[in-house]
Amino acid sequence: LIEIMCATHNQESIEKAIAAMDKYGVDRTSNTVCFGQLYGMSDHLSFNLGRSGYRAYKYVPYGEVHEVIPYLLRRARENSSIAGGAAAELSMIIGELRRRLNPLRPATA
């Protein structure tokens, strides 16, 4: 048995993985494929994967600060989609805050 973790913060990569799962008949609740992101990054993707029945995990780098910070900075540099994803996530958060603070008015980001 082979298990695969798609460790990505990129929405397009996740969508392609899901399309491949559908194409090959891989059940979203099976132990064959799961998704993982850094804690605090792309939370909207992790949340929606989990809500849709996919296995989604968050990971937290552990270690001394002088070891962890360079790793996190390297990950941020390697993944240019994080910046765009952060802007999209911030827009969703603002919209949700507006909705909660004024439930009678439609939210706009």
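This write-up is about the structure you can find in this document. (Residues numbered from 1 in each chain as written. Predicted model: local features only at pLDDT ≥ 70, side-chain atom pairs only at ≥ 80, totals over all residues. Heavy atoms only, no water.)

## Description of the layout of surface pockets
Rules: With a 1 Å grid spanning the protein atoms alone, the term cavity applies to any set of points in which a 1.4 Å probe fits but cannot get out, the term pocket to an open set with protein on both sides within 12 Å along at least five of seven lines, and the term lining residue to any residue with an atom within 4 Å of a point. Grid points are joined across faces, edges and corners, and a volume is the space filled by probe spheres set on the points. In this text, helices come from DSSP runs of H or I with a minimum length of four residues, and strands from runs of E with a minimum of two, each type numbered from the N-terminal end. In this classification, Asp, Glu, Lys and Arg are treated as charged, Ala, Val, Leu, Ile, Met, Phe, Trp, Tyr, Cys and Pro as nonpolar, and every other residue, Gly included, as polar.
Considered as a void within the structure, the largest pocket measures approximately 160 Å³ in volume. Lining the largest pocket are Gln11, Ile14, Glu15, Ile18, His44, Leu45, Asn48, Leu49, Ser52 and Tyr54. Broken down by secondary-structure element, the contributors of at least two residues to the lining of the largest pocket are helix H1 (11-23) and helix H2 (43-51). Looking at side-chain class alone, the lining of the largest pocket contains five nonpolar, four polar and one charged residues.

## With respect to the sheet that holds strand E2 (residues 33-38)
Strand pairs in the sheet, formed through backbone hydrogen bonds, run parallel or antiparallel to each other. We count it as follows: Strand pairing follows a simple DSSP-based rule, namely that at least 2 bridges must link the two strands. Axis geometry follows a simple rule: fit a line to the C-alpha atoms, using only the stretch in contact for helices, then measure angles between N-to-C directions, giving values from 0 to 180 degrees.
Here three strands make up an open sheet; going across it, the order is E1-E2-E3 and the pairing parallel. At either margin of the open sheet sits one strand with a lone partner, and together these are strand E1 (4-7) and strand E3 (56-59). Geometrically, the sheet is characterised by an average inter-axis angle of 30° between neighbouring strands, direction not taken into account. Pairing geometry for E1 and E2, over four bridges, is parallel. The partner of Met5 across the bridge, within E2, is Cys34.

## Concerning the packing of aromatic side chains
This is how the line gets drawn: Any two rings among Phe, Tyr and Trp, with Trp reduced to its six-membered ring, count as a pair given centres within 6.5 Å; such a pair is stacked if its planes are under 30 degrees apart, edge-to-face if over 60, and tilted if neither. A 1.4 Å probe rolled over the protein chains alone gives each residue an accessible area, and that area as a share of the maximum for its type sets the label: buried under 20%, exposed over 50%, partly exposed in between.
Counted under the stated rule, the structure contains one aromatic pair. Centroid distance Phe35 to Tyr54: 5.9 Å. Interplanar angle 85°. Geometry classified as edge-to-face. In this pair, Phe35 is assigned in strand E2 and Tyr54 in the loop between H2 and E3, connecting sequence segments 19 residues apart. Tyr54 matches Phe35 in its accessibility class, with the two residues each being buried.

On their own, these measurements won't tell you what the molecule is for.
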